[in-house]
Amino acid sequence: MTWRDILGLSVRNLYRRKSRTLLTVSGVVIGCCAVVIMISLGIGMKKSQEQMLEGMGNLMRITVTSAPQNVAKRRLLDKKGVDKIRKLQNIKAVVPKKEMDLEELNLIAGDQARFQCNYTTIVGIPEKDLEAAGYEIKDGKMISGRENEVLAGEHLAYQFVDSRRPDGKNMVDYWSDENAQPYFPILQTPVEVAKKEEKAADGIQEQNSAKASWKGIQKLTVVGVTKQDFDKGDETEGGIIMGMRDFDRIQKEIRKETNIKLSREYSRVLVDVDDISHVDSVEKEIKRLGYQTSSMESLRKPMEESVKQKQMMLAGLGAVSLFVAAIGIANTMIMSIVERTREIGILKALGCSLSDIRKEFLIEAGMIGFIGGIAGALVSCGVSWIMNTYMGSSLTGDGLMMMEEGTSGAALSIIPPWLIGAAVLFSVIMGVGAGFFPSNRAVQISALEAMKA
Amino acid sequence: MEEKIDTAQKITVKNRAMIRINRLRKVYKLEDESVVALHGVSAEIQRGEICCIFGTSGSGKSTLLNHLAGMEKPTSGEIFMGKTDITKLREADMVSFRRKHIGFIFQAYNLLPGLTALENVALPMMFQGYPKKERNKRAEDLLKRVGLEKRIHHYPSQMSGGQQQRVGIARAFVTDPKVVFADEPTGNLDTKTTAQIMEMITEMARQNNQTIVLVTHDPHMASYADRIITLIDGKIVKDEQKKK
Ligand SMILES: Nc1ncnc2c1ncn2[C@@H]1O[C@H](COP(=O)(O)OP(=O)(O)OP(=O)(O)O)[C@@H](O)[C@H]1O
Ligand SMILES: [Mg+2]
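Please read all numbers here as calculations on a predicted model, not as lab measurements. (Residues numbered from 1 in each chain as written. Chains lettered and ligands numbered in written order. Predicted model: local features only at pLDDT ≥ 70, side-chain atom pairs only at ≥ 80, totals over all residues. Heavy atoms only, no water.)

## Remarks on the overall build of chain B
- Secondary structure summary: chain B contains eight helices and ten strands in total.
- In terms of overall dimensions, chain B has a C-alpha envelope of 50 × 45 × 35 Å along the principal axes.
- In chain B, which comprises 244 residues, the share counted as buried stands at 57%.
- A sequence separation of at least 24 residues applies to 69% of the contacts in chain B between residues at least 6 apart.
- Of the roughly 11,400 Å² that chain B leaves accessible, carbon and sulfur atoms contribute 49%. (Helix = DSSP H or I, 4+ residues; strand = E, 2+ residues; numbered from the N terminus. Buried < 20%, exposed > 50% of the residue type's maximum accessible area, 1.4 Å probe, protein only. Contact = heavy atoms within 4.5 Å. Areas by Shrake-Rupley, 256 points an atom, 1.4 Å probe, with all protein chains shown as cover.)

This is how it looks when you write it as C-alpha cells:
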C-alpha cells in the first residue's frame, strides 16, 4: 500500500468514530496544553529572573577585598596578590583599585575657590589597567599619561557648591531638571585638592566670606568625563579617577596635611570572569588565596535553583497530564482494535501486509497526537494570552527579590515558537508511542476472524 | 483409498495441478479431548476447475478451506499451490501470497463498513499498491459486470445481502487471482439470489480460466461445479468429476 492510501484509511477510521476520536483528542489537547502552559510559566519565571539579575549588576563580576584581620589565612591585597589573581583560569579582566575619600579635604575650582566640593572619592587604577576598567568617556578624552590628568565622574561637576550663592540655592538640581547645566565647565576649569585653613580668630568673619583661606595640595586637570555606570564603579558617578602613579604621589602629599592612612593594599580588585558558569569556581579560588570576595553569585545561585525547582515541579505536573493523555490514546486504540477484530481479519484474508496494518494503526494513534498537539498548542497560546492579560506579572515576584511587583517586564507565561513545534512533535511521538502496543496486537489478530460467522 | 488417490496424483503432476493437497491432517486439541477435523486428506485441483467441497455440517469443509487459504496450519501434511508449500510459509509471507494469488468470497460478505462499494472492490488492488485511478477504473468495470453500476458509491449498509455479495464477488476477482476461495457464499441468501450469485461466480471464473474452491452443504449448488469432493468426518468419501 502507498503511504497515501494508508493515511486515507486512517483518516476514515478516525472519522468514522468521530465522538471517540474527539474525546481522545481532547485528552491530548488538555495534556499538551498543560505541558505547554507549565513550561511557558517556567520560561516566564526564568526570563523575569534574568531581567531582575541584569538590573542588579554585572553577574560575571567578582569584587575582591582583603579579608578581615581575624581571618587566619589572610593575605595582603597588594601588587603580588593581584598578580596571583591574574594567573587564575577563566578570567577576562582584573582591575585593581585604590580608593581614598577626601574626608576633611575639599575640591575647589574657579576664581578664588568659588566652587567647592566637600565630598568625593579619588580612585587610582594602574595605568595599564585603565582600558580594562572599561570606563566610557562621555565628554573629553581618556587620560593620556601626562601628570595629574584625571577623569571626573558624570555628575562630579554638580557636586560643587557655588559659595557666592545663598545656602539652599547654591547647588544645581540635576535630579529633577534634565536640562540642568553645572555652574562651570569642568573640562576647562582647573580643579584643586585643597585644605580649608581654619583660623579661630576670624571664625565669625569667615563664615560669610568667600575669601576663606585655602591651602592647595594638588592641582588636577580633568581631561574627560565618564559615563555613569555602577558596574564599572561608583566613581563614574561623582568621583575622580586617575593613574596609580599620580594617586600614590597625591596620597603622599595629602598624608602630609591630614591623617588619611597610606596603604600598600588595594581597596578592591574587580575581577571579570569569562562565563557566568565559572563565577563560582573562580570565586572559590580567590578565597583560597586568602581574600574576601563578593559577587552576584551568592544571590543568583539560590534564585536560579529555586526557579529550577519550580520549573521542574511545573513540568512534572504537565508531564502527568500528558501521560494520562497517552494512556487515553492507548486505550482508545485498543478499544478500536477490539472493535475491529473482524475487519483486521478481513484485511489479512485479502492480503493486506502486516506492516501496512501496523502502519495504519500507528498513523491513527499518531494523528490523534498530531491533532491534539496542534489544538493544544493553539489553546495554550490563548490561555497564555489570557493569563498575561488578566493575571499580571511573573511568579518570581513572590519575595525572592525585594523588587516591586510588576517592575520586571517579563510576561507571566512566555511561549516561544520552538515550544509550539516541540509540543506538536512531542504529541505525535507520544501518540505513536501509545499506539505501539495496540498496533502489535492488531497485527497478531488471525485472518480466521474473517471466517467466523 | 488413499493409495488410489496417491497414484492419481502421480499422473496429474504432469498436468500442473493448481493445488495439491497431500495427507493433510488437522487435530484440534481441546482440554480433555482432541477433535480430528481432517483425517489425512489428499487431492489435486486443476487449473480452471470449479471444485465444490460438499458435506454435512461438521464434516470439516471450512477447516479444509481455511488450510488451503493458509489461515491455519495443519497438524501434518502439505499443501502445494503451484510450486509453493504454503504450510511452510510464515504468516507475513502467507499474507503476501494471498495478496498476489488468492481471492476470497465470504459467507458474511465481509465488506468494510467504512468504504463504498467501489472502494471495497478496489481494496485488494490498493494492497498491491496500484494508484487510485487505475484501481477505481478496474473496480468500476467489475461492479458493472456484477450489475451494480448504480451502487458504486453506496456503503455496505445501504445494500441488500445479494448486492453485498456481488460486491464481494467483484472484490474477489479484481486482482485476477489464480484461485478464488468461497465458504458458503450463498449461505445467507435465498434460492433465487443463490442461483444468480453462483452463475456470476462460475461465469467470471470461466472467462479467465480461474480455479474456484467452493464450500457448501447445499446439493443444489454443487450442480454448478466441475467436480465435487464429498467430506464426511474429515475424510474424502467421494470425488466426482463432471464432464465439461
Ligand atoms: N477451532 C476449533 N477448535 C476445535 N474444534 C474445531 C475448531 N474448528 C473446527 N473444529 C471442529 O472440526 C470439525 C469440522 O469443523 P468445520 O467448521 O470445518 O465444519 P464444517 O464442515 O464447515 O461445518 P458447517 O457446515 O457447519 O460450517 C467440527 O467437528 C468442529 O467442531
Ligand atoms: Mg463451515
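## Concerning the site of ligand 1
Residues and elements named next belong to chain B.
- Taken together, Y28, L30, A37, T56, S57, G58, S59, G60, K61, S62, T63 and E184 make up all the residues around ligand 1.
- Between ligand 1 and the protein, one listed contact pairs an oxygen atom with a backbone N or O atom of G58 at 2.8 Å.
- For ligand 1, an oxygen atom lies 3.3 Å from a polar atom in the backbone of S59.
- Protein chains bury 60% of the 630 Å² of accessible surface belonging to ligand 1 in isolation.
- If one sorts the elements of the shell around ligand 1 by residue count, helix α2 (residues 61-68) sits on top with three residues.
- For the shell around ligand 1, a count of residues per class yields three nonpolar, seven polar and two charged. (Near = heavy atom within 4 Å. Polar contact = N/O pair within 3.5 Å; in protein donor to acceptor, adjacent residues only side chain to side chain. Nonpolar A, V, L, I, M, F, W, Y, C, P; charged D, E, K, R; others polar.)

## A word on the interface of chain A and chain B
- The partner chain B presents 27 residues to the 24 residues of chain A that form the contact.
- Where chain A abuts chain B, roughly 2,300 Å² becomes buried across the two surfaces, and 65% of that area is made up of carbon and sulfur atoms.
- Contact with chain B buries surface across chain A, with R12, L350 and M451 of chain A losing the most and accounting together for 27% of the total.
- Counting every contact that joins chain A to chain B gives three salt bridges.
- With a closest N to O distance of 2.7 Å, K348 of chain A and E91 of chain B form a salt bridge.
- Connecting chain A to chain B are ten residue pairs in polar contact (both at pLDDT 80 or more).
- Looking at the side of chain A that touches chain B, the elements that each hand over two or more residues are α1 (3-16) and α10 (341-349) of chain A. (Buried area = accessible area lost by both parts, 1.4 Å probe. Salt bridge = Lys/Arg side-chain N within 4 Å of Asp/Glu carboxyl O.)

## Looking at the pattern of salt bridges
Residues and elements named next belong to chain A.
- With the rule as written, the count across this model stands at 43 salt bridges over all chains.
- Between E265 and R74 there is a salt bridge, with the nearest N and O atoms lying 3.7 Å from each other. Pair noted here: E265 is in the loop between α7 (244-257) and β12 (268-273) and R74 is in the loop between β1 (61-66) and α3 (79-86), with a separation of 191 residues, a long-range link.
- You can call E265 buried: its relative accessible area is 15%.
- Residue R74 is classed as partly exposed on the basis of its relative accessible area of 22%.
- Measuring nitrogen to oxygen at the nearest pair gives 2.8 Å for the salt bridge that ties D129 to R86. One end of the pair, D129, is in the loop between β5 (121-125) and α4 (130-133); the other, R86, is in helix α3, with 43 residues separating them in the sequence.

## Quick word on the packing of aromatic side chains
Residue and element names in this part refer to chain A.
- Under the criterion given, the structure shown has six aromatic pairs over all chains.
- Measuring from centroid to centroid gives 4.8 Å for F115 and F184, while their planes differ by 25°, and the two rings are stacked. On the criterion of sequence distance, the pair formed by F115 in strand β4 (residues 115-117) and F184 in the loop between β8 (161-162) and β9 (191-196) is long-range, its members being 69 residues apart. When sorted by exposure, F115 lands in the same class as F184, which is buried.
- A centroid spacing of 5.1 Å and a plane angle of 85° characterise the contact between F160 and F184, whose relative ring orientation is edge-to-face. On the criterion of sequence distance, the pair formed by F160 in the loop between β7 (149-152) and β8 and F184 in the loop between β8 and β9 is long-range, its members being 24 residues apart. With respect to burial, F160 and F184 carry one shared label: buried.
- Cluster of aromatic residues (ring-pair linked, three or more members): F115, F160, Y183 and F184.
- Seen from the ring of Y266, K98 lies directly overhead, with NZ or CZ sitting 5.5 Å from the centre. (Phe/Tyr/Trp six-rings, centres within 6.5 Å; stacked < 30°, edge-to-face > 60°. Lys NZ or Arg CZ within 6 Å of the ring centre and 35° of its normal.)

## Observations concerning the confidence of the model for chain B
Residue and element names in this part refer to chain B.
- On average, chain B scores 89 in pLDDT, and the residues at 70 or more come to 93%.
- When mean pLDDT is taken per element in chain B, helix α4 (residues 117-127) scores highest with 95 and helix α1 (residues 2-12) scores lowest with 46.
- Every residue in residues 1-14 scores below 50 in pLDDT, and together they form 18 contacts with partners more than four places removed in sequence or on other chains. (pLDDT = per-residue confidence, 0-100.)

## Observations concerning the nonpolar core
- Judged by nonpolar contacts, the single largest core of 73 residues is most densely connected at I19, I21, M81, F104, F181 and V213 of chain B.
- For I19 of chain B, the residues in contact, after removing those within four places along its chain, are A43, E44, I45, L68, I79, F80, M81, V179, F181 and V213 of chain B.
- Ranked by size, the runner-up nonpolar core spans 45 residues in total, among them I85, M100, V191 and I240 of chain A. (Core = buried A, V, L, I, M, F, W, Y, C linked by side-chain atoms within 4.5 Å.)

## Observations regarding unusual backbone geometry
All names here are of chain B.
- Phi at R23 is positive, roughly 45°, even though this residue is not glycine.
- On the secondary structure map, R23 appears in strand β1 (residues 19-29).
- In the Ramachandran plot, E184 falls in the positive-phi region, its phi being about 45° despite a non-glycine side chain.
- Secondary-structure assignment places E184 in the loop between β7 (179-183) and α7 (191-207).
- According to the relative accessible area criterion, E184 is buried, its value standing at 12%.

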